[in-house]
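Report on the structure
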Amino acid sequence: AQKVTQAQTEISVVEKEDVTLDCVYETRDTTYYLFWYKQPPSGELVFLIRRNSFDEQNEISGRYSWNFQKSTSSFNFTITASQVVDSAVYFCALSEPGGKLIFGQGTELSVKP
Amino acid sequence: EAGVVQSPRYKIIEKKQPVAFWCNPISGHNTLYWYLQNLGQGPELLIRYENEEAVDDSQLPKDRFSAERLKGVDSTLKIQPAELGDSAVYLCASSLDRHTEAFFGQGTRLTVV
């Protein structure tokens, strides 16, 4: 069965620190997609990135970067030089071939000034 | 472009009463999802539509929950009768198809008293 584990429930950092959010997944499918979403206090889930299982290239978007390692079934997310506005709950998700998104429990990131 | 629109944002009802939530997906998005999010948890799929067809409703408690997507556009999720345990956030999302990223609405926070 598919499963997503985000072992870090809460992380607290001081502004400008780098922070990495861990995500480990389980699936028997050879084709799948991985996602990261941000959920600020307003409640809306904001899409950040989608990765397919055949593309292990790391990706960088501004202060955000993602490290996909199939060998360890991990899809970690790093925020460089964190800012207060980065404070939110971050969810990692796995998409089954049928399209159903399976979410992890989320990591609550608190960035203090 | 408008995002996914949900209404109402908040709803408080007494147990055993009926309640309905409405969702307007992004224009052109064929796939529509209803997710349930309990406090401190990741969202869990209730039902997924491809156009007007419900293709995955295995997690929908059919004894009290129902959903419809008329004409393959807007969707309504209904609970009748509501129970205390139904208190949660109900999220609607849409995507171009089942392989692309889903965009979420702000959700409806339901409180059953």
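Residues numbered from 1 in each chain as written. Chains lettered and ligands numbered in written order. Predicted model: local features only at pLDDT ≥ 70, side-chain atom pairs only at ≥ 80, totals over all residues. Heavy atoms only, no water.

This next bit is on the overall build of chain B. A tally of helices and strands in chain B yields 0 helices and 11 strands. Helices and strands in chain B line up, N terminus first, as β-β-β-β-β-β-β-β-β-β-β. Whereas a compact globule of 113 residues would reach a radius of gyration of roughly 13 Å, chain B reaches 13 Å, a difference of no more than 12%. Over its C-alpha atoms, taken along the principal directions, chain B stretches across nearly 35 × 25 × 25 Å. When burial is assessed residue by residue, chain B has 45% of its 113 residues classed as buried. A separation threshold of at least 6 residues defines the contact pool for chain B, and within that pool the share at least 24 residues apart is 53%. If you sum the accessible surface of chain B, you get close to 5,700 Å²; carbon and sulfur atoms cover 49% of it. (Helix = DSSP H or I, 4+ residues; strand = E, 2+ residues; numbered from the N terminus. Rg over C-alpha atoms; globule rule 2.2 N^0.38 Å. Buried < 20%, exposed > 50% of the residue type's maximum accessible area, 1.4 Å probe, protein only. Contact = heavy atoms within 4.5 Å. Areas by Shrake-Rupley, 256 points an atom, 1.4 Å probe, with all protein chains shown as cover.)

Right, let's get into the nonpolar core. The biggest cluster of nonpolar side chains holds 24 residues, and the ones touching the most others in it are W36, F77, Y90 and L109 of chain A. Each residue touching L109 of chain A, except ones within four places of it in the same chain, is listed here: I11, V13, V19, I79, D86, S87, A88 and Y90 of chain A. (Core = buried A, V, L, I, M, F, W, Y, C linked by side-chain atoms within 4.5 Å.)

With that out of the way, let us pick up the confidence of the model for chain A. Averaged over every residue, the pLDDT of chain A is 94; the share at 70 or more is 100%. The secondary structure element of chain A with the lowest average pLDDT is strand β7 (residues 59–61) of chain A, at 89, and the one with the highest is strand β3 (residues 19–21) of chain A, at 98. (pLDDT = per-residue confidence, 0-100.)

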